[in-house]
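Residue strings, one per chain:
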Amino acid sequence: MVSSNARLPSAWTIADALKVHADDPTTTMPVIAQDFPVIDDALWQWDTGALRRITGETVTFKGWYVMWSLVAERAQTGDDAAGWHNRNAFAFIGYYYSRNGIDWTFGGRLLNTSADLRPDEWSGSLIMRQGSENVVDMFYTSVNTDVNQSVPSVSTGTIHADDSGVWFEGFTATTEMFSADGLHYANASQDPYFDFRDPHPFINPADGQVYCLFEGNVPGMRGDFVITDREAGHLPPGYTVGEGAGYGAAAIGIARLVSSYAQGDFSRWEMLPALVTALGVNDQTERPHVVFHNGLTYLFTISHHSTYTGGLEGPDGVYGFVSRHGIFGPYTPLNSSGLVLGNPSSAPYETYSHFVDPMGYVQSFIDTLPAPGTDPQAPATYRIGGTLAPTVRIVLEDDRTFLTEVHDYGQIFAFDEWAASNQPDPRPAT
Ligand code: FRU
């Protein structure tokens, strides 16, 4: 295995990204029906994740499915397009519970407001502490957009349930995990548009240690990056790197927990070089997460059409990379291009924030759906989502992925029974 800190990140190259194409049916989200159901009329709901183990599997608790979502009160933001687009300034993490993984009840806020160090809570992960009955660690991003601060953080509580529902206690204090250091990842003084958020902790099966993925940017002054052969890849004859390519500087970040996981001490981390960078290609690789499957390491991340640079194009959706040598790579893009599931060109902003679980189920939220008959790129009218999209399933086959199933809106599938039983892997055969 390549050692964790003496290595270069793998590059998602310009040549790789030239292979990205929308509307391939194996890598395209189904078109969502105009009359999609809304899970929660009172709240805008977007980035979402199931309660899971630190080893990745979705779990139920006493027979209840549980998920966290970024939410904002429609009454506060306005229950219209302007309200939806303004939601980030009112974001907090709420939770929902369900008997069947389809019909959801809102349970309330997770973090005690007194534990909030900053006004907004952005994405993270909700994880049952390994070895405990009901301790839950809530990883999130503590955000103050006014002063351009975002700090991956964690708060700890306990989960409880009876026949009537699920509730949480605790979450009364916040520990900041790590910050953008300007050395491994860009900080606000290098890049006023820097991203540093979405903590995704996991145990690396190869060494048993706890690591955390997160969204970052390549360190260095914004606009000063030079695109070399490493970032360009194997370009076609006559291709010239597009103007402004260097404004794309996304990085999939990783840090190693130094303090004790067993004691719930998340205060000390070692910052490590990024796993994958998108220098010259794209400025955002958000909500990175990992799936270990069939001896391979799959790294997924979400990205936007609008954050591609240098004239490159690709749909909003989930992208991915695969390593044959464990978490530290090297990584190559899945499906040659990196695209795993993109929005169809007839509804280019219909879904976002896809999360791939270890069984290949992919959850996302509905953003905007163009009204039928309007220009999808600039629709005169569209329906706002703010609720969850149909869950789909993909098969991971070596370095390729295939869309194979479509399920209910916001549906979650649990992994518990298989994880507890040592039965054969229930995922579709590859
Ligand atoms: C992805 C994302 C995350 C962030 C959240 C804020 O949809 O941009 O990176 O935590 O949304 O709403």
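The rules behind the values
Residues numbered from 1 in each chain as written. Predicted model: local features only at pLDDT ≥ 70, side-chain atom pairs only at ≥ 80, totals over all residues. Heavy atoms only, no water. Helix = DSSP H or I, 4+ residues; strand = E, 2+ residues; numbered from the N terminus. Buried < 20%, exposed > 50% of the residue type's maximum accessible area, 1.4 Å probe, protein only. Salt bridge = Lys/Arg side-chain N within 4 Å of Asp/Glu carboxyl O. Core = buried A, V, L, I, M, F, W, Y, C linked by side-chain atoms within 4.5 Å. Contact = heavy atoms within 4.5 Å. Pairing = 2+ DSSP bridges. Near = heavy atom within 4 Å. Polar contact = N/O pair within 3.5 Å; in protein donor to acceptor, adjacent residues only side chain to side chain. Areas by Shrake-Rupley, 256 points an atom, 1.4 Å probe, with all protein chains shown as cover. Nonpolar A, V, L, I, M, F, W, Y, C, P; charged D, E, K, R; others polar. pLDDT = per-residue confidence, 0-100. Phe/Tyr/Trp six-rings, centres within 6.5 Å; stacked < 30°, edge-to-face > 60°.

Asks: What is the right way to look at unusual backbone geometry in this model?
Replies: Generally, phi is negative for residues other than glycine and the peptide bonds are trans, each holding for most cases. A cis geometry characterises the amide bond from Gly329 onward to Pro330, with omega recorded as 5°. Secondary-structure assignment places Pro330 in the loop between β19 (317-323) and β20 (331-333). We note that Phe171 has phi near 55°; this positive angle belongs to a residue other than glycine. Within the element layout of this structure, Phe171 appears in the loop between β11 (165-170) and β12 (175-176). For Phe171, a relative accessible area of 0% translates into the label buried.

Asks: It is not clear to me how the pattern of salt bridges should be interpreted in this structure. Could you clarify?
Replies: Pairs can form between side chains of opposite charge whenever their charged atoms are close. A complete count under the given rule lists 15 salt bridges for this structure. Notably, a salt bridge pairs Glu231 with Arg230, separated by 3.9 Å at the nearest N-O pair. The exposure class assigned to Glu231 is buried, which follows from its relative accessible area of 10%. Taking the relative accessible area as the measure of exposure, Arg230 reaches 34% and is therefore partly exposed. The closest approach of N and O atoms between Arg400 and Glu397, which form a salt bridge, is 3.0 Å.

Asks: Even after reading the chapter, I still don't get the nonpolar core, so can you show me in this structure?
Replies: For soluble globular proteins, the rule of thumb is that nonpolar side chains tend to be buried together. Residues Leu51, Leu110, Ile159, Val166, Phe168 and Phe300 are the most contacted members of the largest nonpolar core, which totals 59 residues. Beyond its immediate stretch of four places on either side in the chain, Ile159 contacts Leu51, Phe61, Val66, Met128, Asn134, Val136, Val166, Trp167 and Phe168. Counting residues in each nonpolar core, the second largest holds 51 residues, with Ala249, Val276, Phe321 and Tyr331 among its members.

Asks: Is there a simple way to explain the sheet that holds strand β1 (residues 10-11) in this structure?
Replies: As a general point, the strands of a sheet are linked pairwise by backbone hydrogen bonds and lie either parallel or antiparallel. Sheet architecture is open: five strands sit in the order β1-β16-β15-β14-β13, paired in mixed fashion. Among the strands making up the open sheet, the edge pair consists of β1 and β13 (197-203). Examined bridge by bridge, β1 and strand β16 (residues 269-277) share two bridges and lie parallel to one another. Along β16, the bridge assignment pairs Ala11 with Thr277.

Asks: Is there a simple way to explain the site of the ligand in this structure?
Replies: Taken together, 13 residues lie near the ligand, and Trp46, Asn88, Arg197, Asp198 and Glu286 sit nearest. Contact between the ligand and Arg197: an oxygen atom at 2.8 Å from a side-chain N or O atom of the residue. Here Glu215 contributes a side-chain N or O atom positioned 3.4 Å from an oxygen atom of the ligand. Alone, the ligand offers 320 Å² of accessible surface; in the complex the protein occludes 93% of this. Here the shell around the ligand is built from residues that sort into five nonpolar, three polar and five charged.

Asks: Is there a simple way to think about the environment of Leu111 in this case?
Replies: Summarising the element assignment, Leu111 is placed in the loop between β7 (105-109) and β8 (120-128). Taking the C-alpha atoms as reference, Leu111 lies 9.4 Å from Phe168; in sequence the two are 57 residues apart.

Asks: What is the right way to read the confidence of the model for the chain from this model?
Replies: For residues with low pLDDT, the predicted coordinates do not support detailed interpretation. Residues with a pLDDT of 70 or more make up 95% of the chain, whose mean pLDDT is 94. Within the chain, helix α5 (residues 416-421) has the poorest average pLDDT of any element, 53, and strand β21 (residues 339-342) the best, 99.

Asks: Mind showing me how you'd approach the environment of Leu18 here?
Replies: Within the element layout of this structure, Leu18 appears in helix α1 (residues 14-18). Given a relative accessible area of 32%, Leu18 falls into the partly exposed group. In this structure Leu18 touches Leu235, Pro236, Tyr239 and Leu312, once residues within four positions along its chain are discounted.

Asks: Before we go on, may I ask you to explain the side chain of His354 in this structure?
Replies: By secondary structure assignment, the location of His354 is in strand β22 (residues 351-356). Within polar-contact distance, the side chain of His354 engages the side chain of Thr351 at 3.0 Å. Not counting residues within four places of it along the chain, the set of residues in contact with His354 comprises Met29, His289, Ile302, Gly317, Val318, Val362, Gln363 and Ser364.

Asks: What should I look at first to understand the packing of aromatic side chains in this one?
Replies: The way to describe two aromatic rings as a pair is by their centre distance and the angle between their planes. Counted under the stated rule, the structure contains 26 aromatic pairs. For the pair Trp12 and Tyr308, a centre-to-centre distance of 6.0 Å together with 65° between the ring planes defines the contact as edge-to-face. Of this pair, Trp12 sits in the loop between β1 and α1 while Tyr308 sits in the loop between β18 (296-303) and β19, placing them 296 residues apart in sequence. Trp12 sits in the buried class, given a relative accessible area of 1%. With centroids separated by 6.3 Å and ring planes inclined at 65°, the aromatic side chains of Tyr308 and Tyr319 adopt a geometry described as edge-to-face.

Asks: Teacher, can you tell me more about the side chain of Asp137 here?
Replies: Tracing the chain through its elements places Asp137 in strand β9 (residues 135-144). Sequence-distant contacts of Asp137, defined by excluding residues within four places in its chain, comprise Ser125, Leu126, Ile127, Arg129, Val154, Ser155, Thr156, Tyr261 and Phe266.

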